[in-house]
Amino acid sequence: MNTIESIKKKGYEVETQLKTEIENISDYIFKNPELGFEEFKSVEFLTKTLKQHGFEIIENYCNLSTGFRAEFSCGEGPNIAFLAEYDALPGYGPDKVPGHACGHNWIAAGTCGAAIVLSKLKEDFKGKIIVIGTPAEETIGGKVNMVEANAFDDIDIVLQMHLESNNNLECKTLAIDCIKFQFTGKAAHASSHPEEGINALDAVQLMFAGINALRQHITSDARIHGIITYGGDAPNTVPDFTEAKFHIRAANRNYLNLLTEKVTNCAKGAVLMTGADLHFEKFENSFDNLLNLSSLQNLMRKNLESVGVTKFLEGGKGATGSSDIGNVSQVCPTMYTELALNIDEMCFVHDEAYLKYVNSEEAYDKLHKSVKAMVGTALDISLDNMILKSIKEEFDILKRK
Ligand SMILES: [Zn+2]
Ligand SMILES: [Zn+2]
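Residues numbered from 1 in each chain as written. Chains lettered and ligands numbered in written order. Predicted model: local features only at pLDDT ≥ 70, side-chain atom pairs only at ≥ 80, totals over all residues. Heavy atoms only, no water.

1. Side note on the domain arrangement of the protein
Using the following cut-off: Where each domain begins and ends is defined by an automated method or by a domain database. The criterion used for residue contact is that any of the two residues' heavy atoms lie within 4.5 Å. Defined here as a combined quantity, buried area equals the accessible surface (1.4 Å probe) lost by two parts on assembly, summed across both.
Annotation of the protein at the domain level lists domain 1 (4–173 + 287–400) and domain 2 (175–282). With centres defined by C-alpha atoms, the gap from domain 1 to domain 2 works out at 38 Å. Every contact between the two is made by seven residues of domain 1 and, on the other side, seven residues of domain 2. Together, the buried faces of domain 1 and domain 2 total about 540 Å²; carbon and sulfur atoms form 36% of this surface.

In structure tokens:
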């Protein structure tokens, strides 16, 4: 009878044998950067690779043209899902071409790599190994559509890792609402007949003024940031249409709902002051905050330490953006981990300079550690029922709060 530790060791050896193939996934996606919902080459490459290793593929998963689900069944046991991402960011360099400055090439390689390594342990692993290909993380957030389509109802555990500036098991992501406000006024000559006009630009400016006053009275982890996307055509005409887009963020969904209402009230106040009409709507999916489970964090910490990753950021510090994995974590126990690149230059994800590192030898070193730690964690969950039970208990308690 193999012990879990000896099976993990076998997994690490398989990972080493598949080293080049896993690096090639990162390399291919990095060299073929595609924007959200246009990731056709990436999806073709990933599904072809997984199919070659015996995975069954569902294309256009949840009606998303660049979403997919790949499954490899190893009998009775938990369904463990690795969430691949593969969308790039727009506009780098003089030609403003897309680039993988968020390292989603690395995520694709790590998640698919871990699933492929586990599939070679089919004599030992119990359950289903699943890769869910989740498009457009940087824009719409394809995972939100997947959550709404109940894609995670049959999943027991979700695993994913991301490159960042620190090793972090307690990542925080903020809940976010993305709202577009449109004001409609009445055009008039701004000098000869201003009294005939209703100024939509005044409305948008008064909305900003209201929000600037509101900022003093919100919790320190909340963020409100917006731009005017349309401000009028000519200075001698009273603007009859203006538009602003806002991102509103907070540490949890309940507070964010209150804050979004307050921001919307600023727009409504501007309507009262100017007489303009208001239309507002969400222009991208809303994300929820990430739900962290200490039971999963402790398990991942143990597995990362056993492959040489130490020194973690403690106490929930670190960057606070927003991600669609937050929505997944609200419906299914999720372990989202950040791994640091050991680089001298001071740069962060989304910086142009970061493009130099996300497909480098250093990134590959962290990639192999990431795959091994996810394989180890999946084996622990698959082979020890008590671990899954305690994770689910913690999840249920947190969801009841
Ligand atoms: Zn990003
Ligand atoms: Zn990212």
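Here the narrative resumes.
2. Quick look at the coordination of the zinc ion (ligand 2)
The cut-off we apply is this: Only nitrogen, oxygen and sulfur atoms qualify as donors, and only when within 2.8 Å of the metal (3.2 Å in the case of Na, K and Ca); with water excluded, sites may look incomplete.
At the metal site, the zinc ion (ligand 2) is ligated by Cys 102 (SG), His 104 (NE2) and His 162 (NE2), and these contacts range over 2.1 to 2.3 Å. The sequence pattern describing where the donors of the zinc ion (ligand 2) fall on their chain is C-x1-H-x57-H.

3. Some words on the pairing of strand E4 (residues 89–92)
Which entries qualify depends on this criterion: We treat two strands as partners when DSSP finds at least two bridges between them. Helix and strand definitions here come from DSSP, where helices need a minimum of 4 consecutive H or I residues and strands a minimum of 2 consecutive E residues; each element is numbered from the N-terminal end.
Looking at chain direction, E4 and strand E5 (residues 97–99) are connected through two bridges and run antiparallel. The residue of E5 that forms the bridge with Leu 89 is Gly 99. Adjacent in sequence and paired antiparallel, E4 and E5 are bridged by four residues, among which Gly 93 carries a positive phi angle near 75 degrees.

4. Focus: the coordination of the zinc ion (ligand 1)
Threshold: Every geometry call rests on angle ranges, with four donors termed tetrahedral when all angles are between 85 and 135 degrees, four termed square planar and six termed octahedral when opposite donors are over 155 degrees apart and all others are between 65 and 115, and everything else termed irregular. Accessible area is worked out with a 1.4 Å probe on protein chains only. A residue is then buried under 20% of its type maximum, exposed over 50%, and partly exposed in between.
Only Cys 102 (SG), Glu 138 (OE), Glu 138 (OE) and His 350 (NE2) from the protein coordinate the zinc ion (ligand 1), and they sit 2.0 to 2.8 Å from it. If you look at the zinc ion (ligand 1), its four donor atoms make angles of 51 to 147 degrees with each other, and the shape they trace is irregular. Donor residues for the zinc ion (ligand 1) sit on one chain with the sequence pattern C-x35-E-x211-H. Between the zinc ion (ligand 1) and the zinc ion (ligand 2) the interatomic distance comes to 3.2 Å, and Cys 102 is a ligand of both metals. Residue Cys 102 is found in the loop between E5 and helix H4 (104–119), and its partner Glu 138 is found in the loop between strand E6 (127–133) and helix H5 (142–148); the two are separated by 36 residues along the sequence. Judged by relative accessible area, Cys 102 falls into the buried class, the value being 7%.

5. Observations regarding the packing of helix H3 (residues 40–52) against H4
To keep it simple, the criterion reads: Note on method: axes are straight lines fitted to C-alpha atoms, helices fitted across the in-contact stretch only, with angles between N-to-C directions ranging 0 to 180 degrees. Throughout this description, any angle smaller than 35 degrees is read as roughly parallel, any larger than 145 degrees as roughly antiparallel, any in the 65 to 115 degree range as roughly perpendicular, and the remainder as oblique. For any pair of crossing helices, the crossing counts as left-handed if the nearer helix is rotated counterclockwise from the farther one by less than a right angle, and right-handed if it is rotated clockwise.
Viewed as axis vectors pointing N to C, H3 and H4 meet at an angle of 15 degrees, and their least axial separation amounts to 10 Å. Our classification of the angle between H3 and H4 gives roughly parallel. Considering how the two elements wind past one another, H3 and H4 form a crossing that is right-handed. Contact residues: Leu 46, Thr 49 and Leu 50 in H3; Ala 108, Cys 112 and Ile 116 in H4.

6. Looking at the pattern of salt bridges
Note the cut-off: When a carboxyl oxygen of Asp or Glu is within 4 Å of a side-chain nitrogen of Lys or Arg, the pair counts as a salt bridge.
Within this structure, the stated rule accounts for 21 salt bridges. A salt bridge links Asp 27 to Lys 31; the shortest N-O distance between them is 3.0 Å. Separated by four residues within a single helix, Asp 27 and Lys 31 lie in helix H2 (residues 19–31), roughly one turn from each other. Taking the relative accessible area as the measure of exposure, Asp 27 reaches 21% and is therefore partly exposed. The class of Lys 31 is exposed, set by a relative accessible area of 57%.

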